[in-house]
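Notes for the structure review
Here is what each chain is made of, one letter per residue.
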Amino acid sequence: MLGRQERERWLVDPRGGRFAFDSGSVALDLAYTGGPGRYAVFEVLHSPVDLVHWLADSDLGVTVPTPDSATFDRIRDLRPAILGLATSAATGGVPPDDDVRIVNDWAARPALVPQLVDGAVHWAAPSAAAAAATVARETITLVTTADGRLRRCAADDCPLVFHDRSRAGVRRWCSMQRCGNRHKVRRHRARSVPPAPDAPGPAAR
């Protein structure tokens, strides 16, 4: 998979505020830029220019020309397909056929070509479509070689999936600021509740 440092991004919490989230994968980073349904609250790719800025700031670090509207829309459609494959892999489910088809279609396209220039990686003739093809290939690698470290957040009401790249490999929560903290609060409250009194026995005669 693409080399990646632990890197947190900020997501909007549907319950209010924001929280830091390290997905562990550039593919998941793209997937969580928004989408249909419950993921619409995360939306940051409102225009092709937004995509250009996101790619430059992503782990790909690639500067691309502004894509046309059709390419932009197709790349946005790639996001739920990535999530479909990642969620299925994390939970042991069967990935939807449409998601497999979309990711495979993108992965078959020309991807970014790295070039070594002055000791650093540069991309030859980069484009938004080539970046999406690279992300699609990363998705396939992620869901087939994560070795049990592709996980869904342990909170029952959280659908977020992450790739645990920590050394210990024991990460449970999408974010300690969000679901991890809520779990700690609930556990503390449960311990603070006094036990119910014993039920009274039969009255003495």
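Going by the structure above, here's the rest.
Notes on the structure in this doc start here. Note that the structure is a prediction, hence the values are computed from the model and not measured.

Summed over all chains, the structure comprises four aromatic pairs. Their ring planes at 80 degrees and their centres at 5.5 Å tell us that Phe21 and Tyr32 sit as a pair that is edge-to-face. In this pair, Phe21 is assigned in strand β2 (residues 18-21) and Tyr32 in the loop between α1 (26-31) and α2 (48-57), connecting sequence segments eleven residues apart. Of the two residues, Phe21 and Tyr32, neither departs from the other in class, the shared state being buried. Relative to Phe42, the ring of Tyr39 has its centre 6.2 Å away and its plane inclined at 45 degrees; by these criteria the two rings are tilted. You'll find Tyr39 and Phe42 in the same group, each marked buried. Each member of the aromatic cluster is reached from another via a ring pair, and the members are Phe21, Tyr32, Tyr39 and Phe42. One Lys or Arg, Arg109, reaches over the ring of Trp106 and ends 4.2 Å from the middle of that ring.

The full count for this structure, using the stated rule, is zero disulfides. Cysteine Cys153 remains unbridged, with the sulfur of Cys179 as its closest cysteine sulfur at 3.8 Å. Residue Cys153 is classed as buried on the basis of its relative accessible area, which comes to 5%. The thiol sulfur of Cys179 is not disulfide-bonded, and the nearest other cysteine sulfur, from Cys174, lies at 3.7 Å. Taking relative accessible area as the criterion, Cys179 reaches 2% and is therefore assigned buried.

A separate point is the side chain of Glu43. As for its placement among the helices and strands, Glu43 is situated in the loop between α1 and α2. Polar side-chain contacts of Glu43 include one of 3.2 Å to the backbone nitrogen of Gly35. Looking at Glu43, its side chain comes within polar contact range of the main-chain nitrogen of Leu45, at 2.9 Å. Ignoring any residue separated from it by four or fewer positions in sequence, one finds Glu43 in contact with Thr33, Gly34, Gly35, Arg76 and Arg79.

If you add up the space inside the second largest pocket, you get close to 230 Å³. If you trace the second largest pocket, you find 15 residues lining it, with Arg9, Trp10, Leu11, Tyr32 and Val44 closest to the centre. When residues in the lining of the second largest pocket are grouped by element, the largest group, four residues, is from strand β1 (residues 9-12). For the lining of the second largest pocket, a count of residues per class yields nine nonpolar, two polar and four charged.

Our focus in this paragraph is the nonpolar core. Judged by nonpolar contacts, the single largest core of 49 residues is most densely connected at Tyr32, Leu55 and Leu160. Not counting the four nearest positions on each side in its chain, Tyr32 is found in contact with Leu11, Phe21, Tyr39, Phe42, Leu83, Pro159, Leu160 and Val161.

Our next topic: the pattern of salt bridges. Proximity of charged atoms lets side chains of opposite charge pair with each other. All told, the structure shown has seven salt bridges when counted by the stated rule. Taking the shortest distance from any N to any O, the salt bridge between Asp105 and Arg109 comes out at 2.6 Å. The class of Asp105 is partly exposed, set by a relative accessible area of 37%.

Conventions we followed
Throughout this description, residue numbers start from 1 for each chain and increase along the sequence as written. Restriction of local features to residues with pLDDT of at least 70 applies here, the model being predicted, together with a cutoff of 80 or more for giving and counting side-chain atom pairs; totals for whole chains, interfaces and linings are based on all residues. Processing note: side-chain calculations cover all non-hydrogen atoms of the structure and skip hydrogens and water entirely. Put simply, two rings from Phe, Tyr or Trp (the six-membered ring, in Trp's case) pair if the centres are within 6.5 Å, and we call them stacked under 30 degrees between planes, edge-to-face over 60, tilted for the rest. Working definition: helices are DSSP H or I runs of at least four residues, strands are E runs of at least two. Numbering for both runs from the N terminus. Categorising residues by exposure relies on relative accessible area from a 1.4 Å probe, with only protein chains included: less than 20% of the type maximum marks a residue as buried, more than 50% marks it as exposed, and the intermediate range marks it as partly exposed. A ring has a charge above it when a Lys NZ or an Arg CZ is no more than 6 Å from the ring centre and no more than 35 degrees off the ring normal. Cysteine sulfur atoms that pair up within 2.5 Å are treated as a disulfide. As used in this structure description, the phrase polar contact means that two N or O atoms lie within 3.5 Å; if the pair is within protein, one of them must be able to donate a hydrogen and the other to accept it, and residues adjacent in sequence are counted only when both atoms belong to side chains. Contacts are assigned to residue pairs with any non-hydrogen atoms lying within 4.5 Å of each other. Here a cavity denotes a set of grid points, spaced 1 Å apart and computed over the protein atoms alone, in which a 1.4 Å probe fits but from which it cannot get out, and a pocket denotes an open set meeting protein on both sides within 12 Å along at least five of seven lines; residues with an atom within 4 Å of a point are reported as lining. Grid points are joined across faces, edges and corners, and a volume is the space filled by probe spheres set on the points. Note that Gly is not counted as nonpolar here; it falls among the polar residues with everything else outside the nonpolar set of Ala, Val, Leu, Ile, Met, Phe, Trp, Tyr, Cys and Pro and the charged set of Asp, Glu, Lys and Arg. Side-chain atoms within 4.5 Å link the members of a nonpolar core, which is a set of buried Ala, Val, Leu, Ile, Met, Phe, Trp, Tyr and Cys residues. Note on definitions: salt bridges are taken to be side-chain nitrogens of Lys or Arg within 4 Å of carboxyl oxygens of Asp or Glu.

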